[in-house]
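These are the residues of each chain, in order.
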Amino acid sequence: MTLLEADNLAINFGGITALAGVSFEVRAGEVLTIIGPNGAGKTTIFNLVSRIYDPTRGRLSFCGEDITRVPPHEIARRGIARTFQNIELFEHATVLQNLLLGRHAHKRSRFVEELLFLPRVRALELEHRGAVEKVIDFLDLQPYRDSLIVNLPYGVRKVVEMARALCTQPKLLLLDEPSSGLSVEETEEMAFWIQDIRTLLGITVLMVEHDMSLVSAVSDRVVALNYGLVIAAGTPRDVQAHPDVVKAYLGG
Amino acid sequence: MRFLFKTSYAQELGLFRDNVQRNWYVALFAALLVLPRVVPDYVGDISLVFIYGLCGLSLMVLAGYTGLISLGHAAFLGIGAYAHVFFAHDLQLPWIVSVALACVITAAAGVLVGLPALRMTGVYLTIATLAFALIIQEIFSRWDRVTGGLKGKPVDKPVLFGFSFASELAFYFLCLAVLIGALWLTANLLRAPTGRAWVAIRDSEIAAQSMGVNVAVYKTMAFAYSAALMGVAGALFAHKISFLAPDIFSVLLSIQLLLMVVVGGLGSLHGALYGAVFVAILPVLISQARDAVPAWHGLDRFVKQPGLEPGLFGLILVLFILFEPLGIYGRWMKVKLYFAMFPLYKRATFKRQKAYMRSERLR
């Protein structure tokens, strides 16, 4: 079953063509990785899917519904969560507050109820907390629950950001370079977590990644991009051996 | 050092961290109840501190929690004050109804300012609010029929349910009650999803959006709520100063309000109140310092010039941002930590870290 489908997606920034008609599909339950040299348009695809950019041309559909013109804050409610390449956490808040914001898409309390903090708001807050605690247990974040983000090491922040995305209870998780800035051990740990997210939580993962060991460890399929075009798609092994991919990375 | 033992999730939803903290607040409340007996001469000044506290609370929600710096809050205070006086005097509406209407009107004005704010960030927004404040001040001086124009407008003492709050003491308790009520409502919002969404917008708009926060709606909401609080403060302020004139709600007052939240400490409700105390005491300190300046090469005449105060406010603002960006509240936290960790105070705990890795700002 196809979960996310991009059909002939293109975007220009002024005279620069970031994507020149990219089509791919993400099947439910798989881990799909987008690779490509710098400037190939990988993150642009993420920003298009999370509706930060409007595509110049093409169509995006999620669960059979057209999401090409859906407002950006609506995306989380539909079941797509993402992380950012350089971590966009709320730095002056605690880990717990960050994760609780991940529950925003499930907010059901109204302004006046919150103003008076009625019992219903209290009950909903406890419910959110319960959901957040499940994610904390899942990703072993217990020691950091009350720490401010600014005081945490980079590797932990990376996990917290993934945890925040999981708190939205997504169907599709977009991971933008989950291993960037991590040590070899942390990267291995990240690979286990991505596998767990797929197998234990049943969440489909679309990621952008450069670390080929992580890519081959977790991905079912790989799409290679260069200059805004798909140059190869298939299993990690096939794509790595594809002559166009080798050419894009090594030149020649 | 005291450790908090948490046994349930509900425990963290309370207004107070633990019973010790709650008891301190009860003690503070009791102290405020007997304070007028201890210092009867200063009751009026302390009511003004409470009103400033309301203003601080209002600006704290906007600047401290949502990250939208406004230099136009004196205008909201003015709108609240004039609207309340218009409803209560000219239309003879009951006090509560009049305050509620003033609240609605300032909130509407807040939405009006908030709408362009959706397209502006940082210093541009601040300039827009400044322009708004100047326009509003002009309206105050031109719209004679409602505001009394440049001649001004006298304000009677408040009468609630047939009970007159004419005495300083009664007014003190009225202000205290309103302040506590506003604190409670604001604290409620801040521990609910709305408050979290505001903080999220402050720290990373792009991440807030991708977590499902409708940035436009929450920014407008922050403006409206902040303005509504300012409206209530304006109504009390009108009674306090008992005479409204357009030049009261000047840019200088806006700067003073901003000074309050920055000096108090952005991002904490305590900060708003520390700032209120500071801003109330500051003019007294300045005037005393002026008298103490010696007549050396005409220095005494120089410091007695009327334009000096805004300069001083600006200087204090800059010094705080440079040397104590967390404000008085931050300083208090440091002192507390010093004693809690004694003799092992770690200076680096509060060191500001530079974040070099930030996403390309998409907007």
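So, how was this worked out
- Residues numbered from 1 in each chain as written.
- Chains lettered and ligands numbered in written order.
- Predicted model: local features only at pLDDT ≥ 70, side-chain atom pairs only at ≥ 80, totals over all residues.
- Helix = DSSP H or I, 4+ residues; strand = E, 2+ residues; numbered from the N terminus.
- Rg over C-alpha atoms; globule rule 2.2 N^0.38 Å.
- Buried ≥ 20, exposed ≤ 12 C-beta atoms within 10 Å, placed from the backbone.
- Contact = placed C-beta atoms within 7 Å.
- Expected span 1.5 Å × (residues − 1).
- Nonpolar A, V, L, I, M, F, W, Y, C, P; charged D, E, K, R; others polar.
- Pairing = 2+ DSSP bridges.
- Axes fitted to C-alpha atoms, helices over the stretch in contact; angles between N-to-C directions.
- Parallel < 35°, antiparallel > 145°, perpendicular 65-115°, else oblique.
- Left-handed = near helix turned anticlockwise from the far one by under 90°.
- Domains from an automatic or database assignment.

Caption draft 1: Main features of the overall build of chain B. The helix and strand tally for chain B stands at 15 helices and 4 strands. Since a compact globule built from 363 residues should have a radius of gyration of about 21 Å, the 21 Å found for chain B is in line with a globular shape. Looking at chain B as a whole, 39% of its 363 residues qualify as buried. Long-range contacts, defined here as pairs at least 24 residues apart, represent 75% of the contacts in chain B between residues at least 6 apart.

Caption draft 2: Expanded view of the overall build of chain A. What chain A contains, in helices and strands, is 10 helices and 10 strands. At 19 Å, chain A has a C-alpha radius of gyration in line with the 18 Å of a compact globule built from 252 residues. Counted over contacts in chain A with a minimum sequence separation of 6, partners at least 24 positions apart contribute 66%.

Caption draft 3: Highlighting helix α2 (residues 43-65) of chain B. Residues and elements named next belong to chain B. Between its first and last C-alpha, α2 extends 31 Å over 23 residues, near the 33 Å set by a 1.5 Å rise per residue. Burial of α2 is extensive: 17 of the 23 residues sit out of reach of the surface. Where α2 terminates, the next one or two residues include Gly 67, which has phi positive at roughly 80°.

Caption draft 4: Summary view of the interface of chain A and chain B. Tallying the contact residues gives 39 residues for chain A and 31 residues for chain B. Counting only elements with at least two residues in the side of chain A that touches chain B, the list comes to α2 (72-78), α3 (95-101), α4 (111-116) and α5 (119-138) of chain A. Tallied by class, residues from the side of chain A that touches chain B come to 19 nonpolar, 10 polar and 10 charged.

Caption draft 5: Spotlight on helix α6 (residues 154-167) of chain A. Residues and elements named next belong to chain A. Between its first and last C-alpha atoms α6 spans 20 Å; for 14 residues at 1.5 Å apiece the expected length is 20 Å, and the two agree. In terms of burial, α6 is a largely internal element, 11 of the 14 residues being buried. Taken together, the buried positions of α6 are occupied by Arg 157, Lys 158, Val 159, Val 160, Glu 161, Met 162, Ala 163, Arg 164, Ala 165, Leu 166 and Cys 167. Two residues or fewer past α6, Gln 169 is found with a positive phi of approximately 50°.

Caption draft 6: How the structure looks around the pairing of strand β2 (residues 16-27) of chain A. All names here are of chain A. Here strand β1 (residues 2-13) pairs with β2 via 9 bridges, running antiparallel. Within β2, the residue paired with Leu 4 across the bridge is Val 26. In this antiparallel pair of consecutive strands, β1 and β2, the connection spans 2 residues, and Gly 14 shows a positive phi of 60°.

Caption draft 7: Representation of the sheet that holds strand β6 (residues 80-82) of chain A within the structure. All names here are of chain A. Pairing is mixed in the open sheet, where 6 strands are placed in the order β6-β7-β8-β3-β9-β10. One side of each edge strand has no neighbouring strand; the edge strands of this open sheet are β6 and β10 (229-234). Looking at each pair of strands side by side, their axes are set apart by 20° on average, direction ignored. Taken together, the 5 bridges between strand β7 (residues 172-176) and strand β8 (residues 204-208) define a ladder with parallel strand orientation.

Caption draft 8: Molecular detail of the sheet that holds β1 of chain A. Strand order in this open sheet of 4 strands is β2-β1-β4-β5 (chain A), and the pairing throughout is antiparallel. Looking along the sheet, the strands with just one partner apiece sit at the ends: β2 and β5 (65-66) of chain A.

Caption draft 9: Looking closely at the environment of Val 160 of chain A. Residue and element names in this part refer to chain A. Looking at the secondary structure, you find Val 160 in helix α6. Residues Val 160 and Leu 99 lie 61 residues apart in sequence; the distance between their C-alpha atoms is 7.8 Å. Once you skip the residues sitting within four places of it in the chain, Val 160 turns out to touch Leu 89, Val 95, Asn 98, Leu 141 and Ile 149.

Caption draft 10: Region of the structure containing the packing of α2 of chain B against helix α12 (residues 269-292) of chain B. Residues and elements named next belong to chain B. Here α2 crosses α12 at 135°, and the two axes come no closer than 7 Å. Regarding the angle of α2 to α12, the classification is oblique. The chirality of how α2 crosses α12 is right-handed. Only Leu 269, Gly 271, Ala 272, Leu 273, Gly 275, Ala 276, Val 277, Val 279 and Ala 280 of α12 make contact with α2, whose side of the interface consists of Asp 45, Leu 48, Val 49, Tyr 52, Gly 53, Gly 56, Leu 57, Met 60 and Gly 64. Of the residues in the contact of α2 with α12, the class split is 12 nonpolar, 5 polar and 1 charged.

Caption draft 11: Main features of the pairing of β10 of chain A. Residues and elements named next belong to chain A. Relative to β10, strand β9 (residues 221-226) runs antiparallel, the two being bridged by 5 bridges. Bridge assignment links Asn 226 to a residue of β10, and that residue is Leu 229. In sequence, β9 turns back onto β10 through a hairpin of 2 residues, with Tyr 227 there showing a positive phi of about 45°.

Caption draft 12: Representation of the domain arrangement of chain A within the structure. All names here are of chain A. Parsing chain A into structural domains produces domain 1 (1-79 + 170-252) and domain 2 (96-169). Put simply, the middle of domain 1 and the middle of domain 2, counted by C-alpha atoms, are 26 Å apart. Listed as interface residues are 11 residues of domain 1 and, on the opposing side, 9 residues of domain 2. Elements that contribute at least two residues to the side of domain 1 that touches domain 2 include exactly α2, β7 and α7 (184-199). Each residue belonging to the side of domain 1 that touches domain 2 can be placed in one class, and the counts come to 7 nonpolar, 2 polar and 2 charged.

Caption draft 13: Spotlight on the environment of Ala 107 of chain B. Residue and element names in this part refer to chain B. You can see Ala 107 is positioned in helix α4 (residues 95-117). On a C-alpha basis, the gap between Ala 107 and Asp 156 in space is 24 Å, while along the polypeptide they are 49 residues apart. Once residues within four sequence positions are removed from consideration, Ala 107 is found in contact with Ala 224, Ala 227, Ala 228 and Gly 231.

Caption draft 14: Representation of unusual backbone geometry in the model. Between Phe 342 of chain B and Pro 343 of chain B the backbone carries a cis peptide bond, its omega angle lying at 0°. Relative to the assigned elements, Pro 343 of chain B resides in the segment after α15 (327-341). In this model, Tyr 227 of chain A sits at a positive phi of 45°, which is unusual for a non-glycine residue. With respect to the secondary-structure elements, Tyr 227 of chain A resides in the loop between β9 and β10. One non-glycine residue, Gln 92 of chain B, adopts positive backbone phi at about 60°. Its location among the elements puts Gln 92 of chain B in the loop between α3 (73-90) and α4.

Caption draft 15: Broad picture of the environment of Lys 240 of chain B. Residues and elements named next belong to chain B. Relative to the helices and strands, Lys 240 is located in helix α10 (residues 215-241). Judged by local crowding, Lys 240 falls into the partly exposed class, with 18 C-beta atoms found within 10 Å. Ignoring sequence-local partners within four residues, the contact set of Lys 240 consists of Ser 47, Leu 48 and Ile 51.

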